[in-house]
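Reading the structure
Chain residues, written in single-letter form:
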Amino acid sequence: MRLFNTTSKFSRLIGAASAAAGTLLLSGCFWLDGPQSAFDPNGPVAQRQMDLFYVTCWVSLFIFVVVGGVLAYAMIKFRARGEADEHAEPPEQGHGNPLVEISLIGASVLALVIIGIPTLSGIWYSYDVPIEDKADTYEITATGYQWWFKFDYPGETAQTLDPTGKVVNAPFSTANELVIPAGRPIHVNLRSIDVIHSFWVPKLAGKVDMMPNRGNHLWMRADKPGYFWGQCAEFCGESHAVMRFRVIALGPKDFNDWVNAQMQPARKVPVVADAGQAKAQPVVADAAQAKAQFADYRTFRRNEAGYSSKFDASPMEAWRTKQSPEPGEHPALIEQGRVLFQAKTCASCHTIRGDGYIGVVGPELTHVGARTTIAAGLLENNRDELHRWIHAPNEVKPGNTMWVAGYVANNIKLTPEDEDALVNYLQSLK
Ligand code: CUA
């Protein structure tokens with residue numbers, strides 16, 4: 001007690017600081033619909049996980065209040081009220097009370113049963129698609145790479161061109177943006193190419209580890225169309241925190257349209273326009289003029305956010321816009337970018353169906369221009385951010401393969417004109 005009297009100012013300060021910190025922490029709890037909040041479930045699996053959290057939370061709170069209440073009661077009722085109490089002999093000690101002990105054992109078992117039943121049934125439920133919904137299941141394979149996600153669609157067959165220009169079938173995969181049909185159960189096979197990652201879409205389902213040499217899986221369903229944030233939830237190296245992805249759930253027609261568009265080989269913007277196309281978009285035919293229009297890109301501060309507030313306000317709207325070609329495309333630059341993609345060795349790591357590029361080390365880019373984000377969900381997919389990424393990927397995602405095993409190992413240098421052409425090419429891939 002003496003310590004507290006002499007330092008009463010100090011203790012009051014500590015008290016005030018704790019109260020402020022507590023208020024701040026609590027206020028975090030009230031922001032429940034943030035983009036990665038598990039308190040805003042949009043599907044049955046996430047709902048079940050949240051329900052289980054609340055059961056555990058209420059049981060723990062009940063125990064905390066009962067035990068804390070008894071403790072507080074004892075401390076106040078039996079406190080020393082003066083010098084005499086402080087030096088008094090301790091009262092006679094009891095040796096066990098069968099009623100209290102049996103009641104405590106019973107209460108503990110009851111608490112465990114109350115938590116255990118929904119936990120076990122939740123584990124069963126989230127393990128696999130319920131038998132009655134099996135027939136409607138859509139299959140996806142998600143693979144973790146340092147540091148991005150690859151999504152294969154084993155049920156779809158895409159098209160590509162063989163060296164003679166003939167259309168042939170190819171497997172379909174995409175990266176970092178998982179587009180799914182809303183309302184249907186999605187069975188996700190979880191794989192890893194390197195270290196342990198973890199697949200988590202807080203509003204839909206997760207988290208389940210993606211482990212090397214072990215096939216894990218989970219299932220999820222988005223109740224209605226929407227745009228959801230995902231995140232790798234297992235420390236997997238220096239850029240773990242920026243290993244993100246998106247899930248875009250679409251209604252049946254939108255999803256079909258998306259699949260049909262994605263099955264096509266890479267979009268071509270003809271350098272010499274025919275009459276019909278000249279009307280549709282301004283076309284610049286010669287490369288000299290292309291150079292004259294070399295674009296300005298804004299510069300970014302280190303660690304500057306990769307999103308505009310407009311994108312944040314409505315990512316789904318942004319996604320829809322990204323599905324169609326942007327105005328003011330520059331065919332000559334696009335063609336130049338297509339050639340540079342090979343010349344600068346980008347093609348040895350990335351696949352672009354129909355353009356003859358078949359690398360498998362990095363993300364598939366056949367329709368990269370139709371995605372809302374790049375760099376594993378870290379940057380908004382627009383010209384400035386794409387330029388930022390191509391210009392210095394190490395400043396955005398430290399240690400990434402494109403920088404270490406690409407730019408540095410192969411001593412790749414890009415001039416501002418090269419970067420401009422590559423940005424134009426990649427943005428044209430709708
Ligand atoms: Cu992948 Cu953390």
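Fair warning: this is a prediction, and the values are worked out from it, not measured in the lab.

Quick word on the nonpolar core
- Among the nonpolar cores identified, the biggest contains 47 residues, and F151, Y153, L178, V188, F199, M220 and W258 are the most heavily contacted of them.
- A per-element tally of this core places strand β10 (residues 244-250) first, with five residues.
- With residues up to four places along the chain from it excluded, the contact list for Y153 reads Y138, E139, I140, F172, T174, L178, V179 and W258.
- By size, the runner-up hydrophobic cluster in this structure holds 31 residues, among which are Y297, I374, L378 and V423.

Thoughts on the pattern of salt bridges
- On inspection of all chains with the given rule, the structure shows 19 salt bridges.
- Taking the shortest distance from any N to any O, the salt bridge between E364 and R353 comes out at 3.6 Å. Of this pair, E364 sits in the loop between β12 (357-358) and β13 (373-374) while R353 is found in the loop between β11 (351-352) and β12, placing the two residues eleven residues apart along the sequence.
- A residue is classified by how much of its surface remains accessible, and R353, at 4% relative accessible area, is buried.
- Salt-bridge contacts for R388 lead to E385; the nearest nitrogen and oxygen are separated by 3.0 Å. Of the two residues, R388 and E385 both sit in helix α12 (residues 383-391), three residues apart, roughly one turn of that helix.
- Here the salt bridges do not stand alone but share partners, grouping K268, E335, R338 and D355 into one network.

Focus on the sheet that holds strand β3 (residues 167-175)
- Strands sit in the order β3-β2-β1-β5-β8 across an open sheet of five strands; the sheet is mixed. Looking at the sheet topology across the chains shown, the edges are occupied by β3 and β8 (216-220). Strand-to-strand twist of the sheet, defined as the mean angle between neighbouring strand axes without regard to direction, takes the value 30 degrees.
- For strand β5 (residues 186-192) and β8, the ladder comprises five bridges, and the chain directions are antiparallel.

Rules of the game
Residues numbered from 1 in each chain as written. Predicted model: local features only at pLDDT ≥ 70, side-chain atom pairs only at ≥ 80, totals over all residues. Heavy atoms only, no water. Core = buried A, V, L, I, M, F, W, Y, C linked by side-chain atoms within 4.5 Å. Buried < 20%, exposed > 50% of the residue type's maximum accessible area, 1.4 Å probe, protein only. Helix = DSSP H or I, 4+ residues; strand = E, 2+ residues; numbered from the N terminus. Contact = heavy atoms within 4.5 Å. Salt bridge = Lys/Arg side-chain N within 4 Å of Asp/Glu carboxyl O. Pairing = 2+ DSSP bridges. Axes fitted to C-alpha atoms, helices over the stretch in contact; angles between N-to-C directions.

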